[in-house]
Amino acid sequence: MSERAEARGPAFRRRRTTIVGGGAVSAKQVNGNKRHNAGEKPPQHPAKTKPAAEPSKHASHNGRLYREEDSSGKQQQELGTGPKTPKSAVEDINARLSCHVLQESLLSSASGYSNYRGILNWCVVMLMLSNARLFLENIIKYGILVDPIQVVSLFLKDPYSWPAACLIIASNVFILSALYLERRLAVGTVSETAGWILHIFNLTCMLIFPSATVLTVTSMTPVGGVISLGIYTVLFLKLYSYQDSNRWCREIRQARAKRLTRSYSCKWVTLTIVYVYMIYTNLFTSRVLFNMYYFVFAPTLCYQLNFPRSPRVRKRFLMRRLFEMLLTIKVIFQWMVPTIQNSMKPFQVCILFIVSAVPNHLIWLLFFYWFFHSSMNFVAELLQFGDREFYRDWWNSESVTYFWANWNIPVHKWCLRHFYKPMLKRGTNKFLAQTAVFLVSAFFHEYLVSIPLKMFRLWAFMGMMAQVPLAWFVGRYLNGNYGNAAVWMSLIIGQPIAVLMYVHDYYVIHHSSTE
């Protein structure tokens, strides 16, 4: 080779290709393979080498070519943002001819598509537009039915005319009694058997005293009775969990002496017991009232020694929840009062059921959002309570048991911790334990409805117990979307039936003699 040709460098050298194993390989690569076999190093040209991250074509030792290209480069080329690589004629023809792939429609269940946020927003907009006319007609026909200024002025004018408020204030007697009893049990001045009997007596009085007051005081309204009995029921569940959890701590404290004598391998168990004992004794020596009333006002029914706390109070979040609470109360009462007034016609029950089923269900949904999302998050944010799981995705329930386990998480945790699991530990059958949980729930549902209305019809009790065979039927014969539809039908139809039965009986008892 001449000196002039070498001065031009490798950029002007003409490559020739040879066919090896059906592929085209450059002479430079063949020479490289020969040098590699002979133990020589190929000539290096640092100025002309390509970066390693850039996609390129390589040849294997057997002569076959393959192309390395990452997925991000493909996406950039498809979007037109990345560097375009020239396509071969075969690839271009294939891209023109084949435009179909094997795939399902998005609305088909086999597609696996689940992002329906736009459809959900469309449903919300249509719901708001369809009910805007009804809401305006309601205000024009009935006026503003809830005036907060009149309510506050009435309470400040004569606070003793509200027996429900006085009954709620009296609940502090039972709270302080449980606290004093636990302090005596902590120091050992009261035996475990006597303490358990006194706790049962205190809890029983919490159910009897408010119900007797509601039934005997004539000025007690049904709404006031429901609110007061609901607060006493919540306190009953809280104090039961309070004494149960403290009893577990005392059992750990008693087991501490036995476990301290074990080998060094059980040292972590001993340290855990000592830590629990220190927290337990600290709760009964400092800030006793603060810890007790923090649990009373916290949005939970299960007591524990230390609750998870959020780092700070978010003021914007707090204001949004407060606005939602006030607005939802306004909407609920604006719809509820005319519905109750129109329900006082016992001879049109069938027509009334068809007309009021959807409004009743919407009121129930609004109440769920107001209580479980707005109100409980407001209280949790105010108290910096960290556990905000008050509900799960009950709207996706494909069985009745899944719905009851996920729509009210505080009650579900209480039943699971203090009722269901203890029964299983005692050897009770799983089905019998589930039936017992529904039985307790049915009792409290009837307790919160029959006593404020001062009539006993057991509609709520039978409605809750009917969930047991319904749960068995849906779980056995209905799956997927059919099970979810059955749960929604039970919510839309079942609740209006129970409400209308109580409204009909209440009208017959209190208003039939006046006509």
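Residues numbered from 1 in each chain as written. Predicted model: local features only at pLDDT ≥ 70, side-chain atom pairs only at ≥ 80, totals over all residues. Heavy atoms only, no water.

Comments concerning the overall build of the chain
From N to C terminus, the chain includes 20 helices and four strands. Within the chain, contacts between residues separated by at least 24 positions form 71% of all contacts whose residues are at least 6 apart in sequence. Total accessible area on the chain is roughly 34,500 Å²; 64% of this is exposed by carbon and sulfur atoms. (Helix = DSSP H or I, 4+ residues; strand = E, 2+ residues; numbered from the N terminus. Contact = heavy atoms within 4.5 Å. Areas by Shrake-Rupley, 256 points an atom, 1.4 Å probe, with all protein chains shown as cover.)

Here we look at the nonpolar core
Met206, Trp394, Phe403 and Trp407 are the most contacted members of the largest nonpolar core, which has 55 residues in total. Among the elements that take part in this core, helix H10 (residues 222-260) stands out by supplying eight residues, more than any other. Residues within four places of Trp407 in sequence aside, it is in contact with Trp364, Phe368, Phe372, Phe390, Tyr391 and Trp394. (Core = buried A, V, L, I, M, F, W, Y, C linked by side-chain atoms within 4.5 Å. Buried < 20%, exposed > 50% of the residue type's maximum accessible area, 1.4 Å probe, protein only.)

A few points about a nonpolar patch on the surface
On the surface, Leu106, Leu107, Tyr113, Tyr116, Ile119, Trp122, Val125, Met126 and Leu129 cluster together into a nonpolar patch covering about 940 Å² of accessible area. In this structure, Leu107 sits in the loop between helix H4 (89-97) and helix H5 (117-142). Taking relative accessible area as the criterion, Leu107 reaches 69% and is therefore assigned exposed. (Patch = residues over 30% accessible without salt bridge, like charges linked within 9 Å, V, L, I, M, F, W, Y side chains within 5 Å. Salt bridge = Lys/Arg side-chain N within 4 Å of Asp/Glu carboxyl O.)

Quick look at helix H17 (residues 430-453)
Note on helix geometry: an α-helix contains 3.6 residues per turn, so any two residues three or four positions apart are oriented the same way. Over its 24 residues, H17 extends 35 Å from the first C-alpha to the last, a length consistent with the 34 Å expected when each residue adds 1.5 Å. Among the residues of H17, those classed as buried are Ala433, Ala436, Val437, Phe438, Ala442, Phe444, Glu446, Tyr447, Ser450, Ile451, Pro452 and Leu453. In the segment just after H17, Lys454 is the residue with positive phi, at about 60°. (Expected span 1.5 Å × (residues − 1).)

A look at the UniProt feature "active site" (unreviewed entry) in the chain
Those residues carrying the UniProt feature "active site" (unreviewed entry) are His445 in this numbering. In this structure, His445 sits in helix H17. Excluding anything up to four places from it in sequence, His445 contacts Ala460 and Met464. (UniProt positions renumbered as here; feature names shortened; annotations may be inferred.)

Here we look at the packing of aromatic side chains
Counted under the stated rule, the structure contains 35 aromatic pairs. Plain terms: the ring middles of Phe307 and Phe385 are 5.7 Å apart, the flat faces sit at 55° to each other, and that makes the pair tilted. Of the two residues, Phe307 is situated in the loop between helix H12 (288-297) and helix H13 (315-342) and Phe385 in the loop between helix H14 (349-383) and helix H15 (400-406); the sequence distance between them amounts to 78 residues. Accessibility classification places Phe307 together with Phe385 in one group, the buried group. Ring centres of Trp394 and Trp488 lie 5.6 Å apart, and the angle between their planes is 50°; on these two criteria the pair is classed as tilted. Taken as a pair, Trp394 in the loop between H14 and H15 and Trp488 in helix H20 (residues 481-510) lie far apart in primary sequence, 94 residues in all. By relative accessible area, which is 4% here, Trp394 ends up buried. Take Trp488: its relative accessible area is 24%, and that puts it in the partly exposed class. One Lys or Arg, Lys238, reaches over the ring of Phe295 and ends 4.7 Å from the middle of that ring. Cation over ring: Arg321 sits above Phe317, and NZ or CZ is 4.7 Å from the ring centre. (Phe/Tyr/Trp six-rings, centres within 6.5 Å; stacked < 30°, edge-to-face > 60°. Lys NZ or Arg CZ within 6 Å of the ring centre and 35° of its normal.)

Thoughts on the packing of helix H9 (residues 192-216) against H17
Contact geometry of H9 with H17 gives a least axis separation of 9 Å together with a crossing angle of 25°. The angle between H9 and H17 places the two elements in the roughly parallel class. Contacts from Met206, Leu207, Pro210, Ser211, Val214 and Leu215 in H9 reach Phe444, Tyr447, Ile451 and Pro452 in H17. Of the residues in the contact of H9 with H17, the class split is nine nonpolar, one polar and no charged. (Axes fitted to C-alpha atoms, helices over the stretch in contact; angles between N-to-C directions. Parallel < 35°, antiparallel > 145°, perpendicular 65-115°, else oblique. Nonpolar A, V, L, I, M, F, W, Y, C, P; charged D, E, K, R; others polar.)

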